[in-house]
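# Structure assessment
So you can see what is in the structure, the chains are spelled out below.
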Amino acid sequence: MTILTYLTSHYGRLECRREVPSFGFTRERIAFSLVLSTDGEPVACDDLRLSTDGRNRGGGQSMAVPRSFTRSGIKPRPFFLWDNSHFVLGLGNSPEGTEPSAHPARAGAFRDWHERLLDGTEDPGLLAVLRFLRSWTASRFRRAPFSPALLDRSLVFRLLDDVDAAGRPRFLHDRPAAQAAWEPHAIEGDRPKAVCLVTGQVAPVARLHPAIKGVWGAPTTGASLVSFHQPAFRSHGKVQGDNAPVSEAAAFQYGAALNALLAPGSRSKLRIGDITMVFWADAAVHGEAAARRIEALVGSVLAPTGPPDLARNGGCPDFRRSWEWLDKSAGAQAAALGIEPRVRVFILGLTPNGPRLSVRFWQEVMAGALIDRLTAHWHDLRIEPPAWKIPPSPAALLYAMARQGRSGSAPQQLAGDLMRAILTGDRYPLTLLVAVLQRLRAGEPVDGPRAALCKAILQRAAHRHRRGSANQHTDPAMEVPVSLDRTEFDQAYRLGRLFAVLENVQRAALGRLNASVRDRYYGAASATPANVFPLLLRTTSHHLKVLHRERVTRGLAVWFK
């Protein structure tokens, strides 16, 4: 429940910035608005897919409407004061593409639902909706202002000439009377109360958790982060959300916060391989400005497309990836970047799993520790000459493991493994090294990025090995050498040097062969050195005798000994 707890806390911050809807409302894309007169007559259909400058918004205008919920079965429930054309008009596109298909049952459910909720209302706008629903027939769709573009689209209502305090057109669900009518129904039915596992308060338990939208590869209608679909996931005869009680308010808040982080254009969302990653900072202790600077830093250093543009970043600082500040101390790095190292940062990686979402990684870390881990990651990748002009993003490293440089062909599992290693500072999984070597064996070029990634994987593993070594000659901070190291006392390293000498002796004595010592014994020497090296040393003694016979090579034989 840790993830849900911090998302619920983040909702409060977003609500103060008015970036999430209030409890009982959700943000949806609405395509059209039906403009009604006070007697319920439709006088216009506003196309909300077009912005003020005439550009197409695609699915429509994003707005806060009375909350949606997951619908299934042959009798799905309608929404309040908005829905698709199947419910509002009782019509939809026909599979044959001729006359619209009729849905009288859904239109009747929509009408009955509003008759129940708006019973006794005296608000002119709500009365206009009731009059429209009572008089509506499918045959009226052939008249103006209706058009086939409305079919299968989301629709809202607006009273003619109704505007808000700023003079902008106001929709019916934004009228105070509509919000008052909806408030008792914001919580789903007569739900039993229990102790919420997120807030610790006794409150009505959410039966179904909100749909999360914006994860790459997941259904466009959304996927569930929390759900209990199969009997194996249930306990003590409980169904759905009763298995792990989360209050209606907490479920709404974490869903709204996560959907805001995943919304199109969000600066807190990145895609790495098949993973959709979101991140945010805690503003409770050090304030909103400090949290925004940390979020801008994380977005810039991990973004696949490079640093953010200051003009398009809402005035946030423009952090640029460079090698310069990596050589500074930890305290100097935080000062140079102008960030508070004690701000907590949360990073969540999600992938689709059918109608549900899987958490690939979750990291809660202080900003200073995150900078240290990123610095260590980039230091491990540095080679001479540099493989990149600026420190590479995690997504850029996937190209080293992809066929012909196409990132989509990289093994999908590797993106999560790589990101987890970067964020935790743990060793890189050896599957990354295997993937790079497979590309090299397939004939891909040995370029700088592949060499840098191999060096980083080996170096981080070597650092951890040296920290746990009892050998007094090992230095935990020593990097993986790129040339011969005569002071290395590691047994495997010294056996490798010996193997190279034995191969050179054979080449000097016998010349070029079809199968050298390396071709015949490299694998066996790596796996069972105690069995192979005595055999190789006996064979080498014969090669040295060949070198001794010739005056020209006699000195070389002495050097090899």
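Along each chain, residue indices are assigned from 1 in the same order as the chain's sequence is written. Reporting of local features is limited, given that this is a predicted model, to residues whose pLDDT is at least 70; pairs of side-chain atoms are given and counted only at 80 or more, and all residues count toward the totals for whole chains, interfaces and linings. Side-chain numbers here rest on the full set of heavy atoms in the structure, without hydrogens or water.

## What about the overall build of the protein?
Scanning the protein from N- to C-terminus turns up 17 helices and 17 strands. Each accessible area is a Shrake-Rupley result for a 1.4 Å probe, and residues are judged covered by the shown protein chains and nothing else. Summed over all atoms, the accessible surface of the protein reaches about 29,100 Å², with 53% contributed by carbon and sulfur. Helix and strand labels come from DSSP, where a helix needs a run of H or I of at least four residues and a strand needs a run of E of at least two; each type is numbered from the N terminus.

## Observations concerning the pattern of salt bridges
The term salt bridge refers to a side-chain nitrogen of Lys or Arg lying within 4 Å of a carboxyl oxygen of Asp or Glu. Summed over the entire model, instances satisfying the criterion amount to 26 salt bridges. Between Glu19 and Arg17 there is a salt bridge; the shortest N-O distance is 3.0 Å. Exposure remark for Arg17: the relative accessible area of 26% places this residue in the partly exposed category. Across the pair Glu364 and Arg344 runs a salt bridge, and its minimum N-O distance is 3.1 Å. A simple rule labels every residue: compare its accessible area, found with a 1.4 Å probe on the protein chains alone, to the largest value its type can have, and call it buried under 20%, exposed over 50%, or partly exposed in between.

## A look at the packing of aromatic side chains
Note on aromatic contacts: the rings of Phe and Tyr and the six-membered ring of Trp form a pair at centre separations within 6.5 Å, being stacked when their planes are under 30 degrees apart, edge-to-face when over 60 apart, and tilted otherwise. Counted under the stated rule, the structure contains 16 aromatic pairs. Relative to Trp82, the ring of Phe79 has its centre 4.6 Å away and its plane inclined at 25°; by these criteria the two rings are stacked. Residue Phe79 shares its accessibility class with Trp82, and that shared class is buried. On the basis of an interplanar angle of 5° and a centroid distance of 6.0 Å, the ring pair of Phe346 and Trp362 is categorised as stacked. Taken together, the residues span a long stretch of sequence, with Phe346 in strand S16 (residues 344–353) and Trp362 in strand S17 (residues 356–366) at a distance of 16 residues. Overall, Trp362 belongs to the partly exposed group, its relative accessible area being 23%. One aromatic cluster is present, formed by Phe132, Trp136, Phe141, Phe146 and Phe157 through successive ring pairs. Either the NZ atom of lysine or the CZ atom of arginine qualifies as a charge over a ring when it sits within 6 Å of the ring centre and within 35 degrees of the ring normal. Looking at Arg271, its charged tip hangs above the ring of Trp216, at a distance of 3.7 Å from the centre.

## Some thoughts on the layout of surface pockets
In this analysis the probe radius is 1.4 Å and the grid spacing 1 Å, with only protein atoms considered; a cavity is a set of points the probe fits into but cannot get out of, a pocket is an open set with protein on both sides within 12 Å along at least five of seven lines, and lining residues have an atom within 4 Å of a point. Grid points are joined across faces, edges and corners, and a volume is the space filled by probe spheres set on the points. Each pocket or cavity is described by its volume, and for the second largest pocket that value is around 720 Å³. If you tally residues by element for the lining of the second largest pocket, the top one is helix H14 (residues 491–510), at 7 residues. When residue character is reported, Ala, Val, Leu, Ile, Met, Phe, Trp, Tyr, Cys and Pro are called nonpolar, Asp, Glu, Lys and Arg charged, and the others, Gly included, polar. The residue inventory of the lining of the second largest pocket, partitioned by class, reads 12 nonpolar, 2 polar and 2 charged.

## With respect to helix H6 (residues 248–262)
Here, expected helix span is obtained from the residue count minus one, scaled by 1.5 Å. The end-to-end C-alpha separation of H6 is 21 Å, in line with the 21 Å expected for 15 residues at 1.5 Å each. Within H6, 11 of the 15 residues are buried, which leaves it mostly tucked inside the rest of the structure. Listed in full, the buried residues belonging to H6 are Glu248, Ala250, Ala251, Phe252, Tyr254, Gly255, Ala256, Ala257, Leu258, Leu261 and Leu262.

## Side note on the side chain of Thr276
As for its placement among the helices and strands, Thr276 is situated in strand S15 (residues 275–281). Judged by its relative accessible area of 2%, Thr276 is buried. Distance and chemistry together define a polar contact, namely a pair of N or O atoms within 3.5 Å, with one atom able to donate a hydrogen and the other to accept it when in protein, and with adjacent residues in sequence counting only for side-chain atoms on both sides. Reaching out from Thr276, the side chain makes a polar contact with the backbone nitrogen of Trp216 at a distance of 2.9 Å. Discounting chain neighbours no more than four positions away, the residues touching Thr276 are Gly214, Val215, Trp216, Leu262, Lys269, Leu270, Leu348, Gly349 and Leu350. In what follows, a contact means two residues having at least one pair of non-hydrogen atoms within 4.5 Å.

## Looking at the confidence of the model for the protein
Residue-level confidence of the predictor is what pLDDT reports, using numbers from 0 through 100. Confidence in the prediction for the protein averages 84 pLDDT; 88% of positions are at 70 or higher. When the criterion is pLDDT under 50, residues 305–318 qualifies, and its contacts beyond four places in sequence or with other chains add up to 21 contacts.

## Focus: the pairing of S15
Across the 7 residues of S15, 7 count as buried, placing the element largely inside the fold. Relative to S15, strand S14 (residues 269–272) runs antiparallel, the two being bridged by 4 bridges. For Arg271, the partnering residue across the bridge sits in S15 and is Thr276. One requirement defines pairing of two strands: DSSP has to find at least two bridges between them. Counting the residues between successive antiparallel strands, the hairpin from S14 to S15 contains 2 residues, one of them, Gly273, with a positive phi of roughly 65°.

## Digging into helix H1 (residues 2–16)
Over its 15 residues, H1 runs 22 Å from end to end, which matches the ideal 21 Å to within 8%, given 1.5 Å per residue. Considered for burial, the residues of H1 that qualify are Ile3, Leu4, Tyr6, Leu7, Thr8, His10, Tyr11, Arg13 and Leu14. Those residues of H1 hidden inside the fold are in contact with H6, S15, helix H7 (288–302), S16 and S17. Positive backbone phi, at 60°, marks Arg18, one or two positions downstream of H1.

## Some points on the environment of Ala249
In this structure, Ala249 sits in helix H6. Among the residues examined, Ala249 registers a relative accessible area of 29% and is labelled partly exposed. Each C-alpha atom, one on Ala249 and one on Ala186, is 9.5 Å from the other, the two residues being 63 residues apart in sequence.

## A look at the packing of helix H16 (residues 529–549) against helix H17 (residues 551–560)
The angle between two axes is taken between their N-to-C directions and runs from 0 to 180 degrees, where each axis is a line fitted to C-alpha atoms and a helix contributes only its stretch in contact. Relative orientation of the contacting elements H16 and H17 amounts to 140°, with a least axis distance of 6 Å. Considering the angle they form, H16 stands oblique to H17. Here Leu544, Val546, Leu547, His548 and Arg549 of H16 come into contact with H17, specifically with Arg551, Thr553, Arg554, Ala557, Val558 and Phe560. Along the lines of polarity and charge, the residues of the contact of H16 with H17 split into 6 nonpolar, 2 polar and 3 charged. Oblique is the label for any angle not covered by the other classes, which are roughly parallel (under 35 degrees), roughly antiparallel (over 145) and roughly perpendicular (65 to 115).

## Some words on the side chain of Gln459
Along the chain, Gln459 falls in helix H13 (residues 448–467). For Gln459, a relative accessible area of 1% puts it in the buried group. Among the polar contacts listed, one links the side chain of Gln459 to the side chain of Asp380, at a separation of 2.9 Å.

## Topic: the environment of Phe171
Counting through the fold element by element, Phe171 comes out in strand S9 (residues 169–171). The sequence separation of Phe171 and Arg158 amounts to 13 residues, and the corresponding C-alpha distance is 4.5 Å. Leaving out residues up to four positions away in the same chain, Phe171 has contacts with Ser33, Leu48, Met63, Val156, Phe157 and Arg158.

## What to know about the environment of Ile30
Secondary-structure assignment places Ile30 in strand S1 (residues 25–30). In this structure, the C-alpha to C-alpha distance between Ile30 and Leu48, residues 18 residues apart in sequence, is 6.8 Å. Non-local contacts of Ile30, meaning those with residues more than four positions away in its chain, are made with Leu48, Gly59, Gly60, Gln61, Met63, Val65, Trp82, Ser154, Leu155 and Val156.

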